[in-house]
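Residue strings, one per chain:
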Amino acid sequence: MRHTSDHVAIDLIALAIIRDADKIVLVQQQHRADLPPYWVLPGGLVEAGELVTEALIREVAEEAGVHVDALSHLACLSHIDRPAQRAQSIAFIFEAERWHGELASCDPDAEVLGVELVPLTEGISRLQSNGGWSGIQTPVLAYLRGERAAGANWFYREDGDGQQWIACMPG
């Protein structure tokens with residue numbers, strides 16, 4: 001986590017859309033035993049000393065067991081302001097151009113329960129049903145459904161009632 005001059009924590013998140021024809025790679029995670037498992041795109045937090053793209057490659061290898069050889073483009077970017085926590089998150093969601101390897105989790109945090117290559121429509125359904133963080137889930141789903149072009153920027157602010165969508169700028 002980095003801090004601005006206002007002592008606001010900033011998390012950078014890198015996520016990958018990995019396709020094989022009309023299928024996408026999803027990982028099933030469970031952070032705590034008392035929460036139900038859920039499906040997400042592979043990815044995670046950028047660590048100190050990493051570029052966003054380096055973190056993406058590392059996280060995909062850990063969570064999905066495959067190596068991303070090349071990124072195609074930035075599918076979308078989401079900036080989430082959380083003033084009550086004095087924190088912000090910026091999620092970079094990339095489309096992988098080339099990848100290789102066998103799907104298998106190598107997650108050092110032991111939060112990944114499984115990894116699957118699923119048809120796009122099923123992947124969208126799994127992502128919709130997980131009740132995920134709307135600041136990431138909404139942009140990802142809009143891109144996967146073809147409702148937003150690559151490069152769209154999304155801006156959110158959380159208030160006492162949760163997240164509020166602020167704006168989306170087309171790519």
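Bear in mind the structure is a predicted one, so any value in this text is a computation, not a measurement. (Residues numbered from 1 in each chain as written. Predicted model: local features only at pLDDT ≥ 70, side-chain atom pairs only at ≥ 80, totals over all residues. Heavy atoms only, no water.)

Participant: How would you summarise the pattern of salt bridges if you had to cite specific residues and measurements?
Facilitator: Under the definition given, this model contains eleven salt bridges. For the salt bridge of E116 with R126, the shortest nitrogen-to-oxygen distance reads 3.0 Å. Placement of the pair is E116 in strand β9 (residues 112-119) and R126 in helix α2 (residues 120-129), with a sequence separation of ten residues. Linking R126 and E122 is a salt bridge whose minimum nitrogen-to-oxygen distance equals 2.4 Å. Of the two residues, R126 and E122 both sit in helix α2, four residues apart, roughly one turn of that helix. Relative accessible area serves as the criterion here: at 16%, R126 is assigned to the buried category. (Salt bridge = Lys/Arg side-chain N within 4 Å of Asp/Glu carboxyl O. Helix = DSSP H or I, 4+ residues; strand = E, 2+ residues; numbered from the N terminus. Buried < 20%, exposed > 50% of the residue type's maximum accessible area, 1.4 Å probe, protein only.)

Participant: Account for the packing of aromatic side chains, with residues named and values stated.
Facilitator: Counted under the stated rule, the structure contains zero aromatic pairs. One cation-aromatic arrangement involves R126 over W39; the distance from NZ or CZ to the ring centre is 4.3 Å. (Phe/Tyr/Trp six-rings, centres within 6.5 Å; stacked < 30°, edge-to-face > 60°. Lys NZ or Arg CZ within 6 Å of the ring centre and 35° of its normal.)

Participant: How would you explain the confidence of the model for the protein if you had to name every residue and give the values?
Facilitator: In the predicted model, the protein carries a mean pLDDT of 90, and 93% of its residues have values of at least 70. Taking the mean pLDDT of every element in the protein, the minimum, 50, falls on strand β1 (residues 2-3) and the maximum, 98, on strand β3 (residues 19-20). (pLDDT = per-residue confidence, 0-100.)

Participant: Tell me about the packing of α2 against helix α3 (residues 134-144), residues and numbers included.
Facilitator: For the pair α2 and α3, interaxial distance at closest approach is 11 Å and the crossing angle is 160°. One finds that α2 runs roughly antiparallel with respect to α3. Note that α2 runs across α3; the crossing there is left-handed. For the pair α2 and α3, contact is made by L120, I124, L127 and Q128 and by Q137, V140, L141 and L144, respectively. Taken together, the residues that form the contact of α2 with α3 break down as six nonpolar, two polar and no charged. (Axes fitted to C-alpha atoms, helices over the stretch in contact; angles between N-to-C directions. Parallel < 35°, antiparallel > 145°, perpendicular 65-115°, else oblique. Left-handed = near helix turned anticlockwise from the far one by under 90°. Contact = heavy atoms within 4.5 Å. Nonpolar A, V, L, I, M, F, W, Y, C, P; charged D, E, K, R; others polar.)

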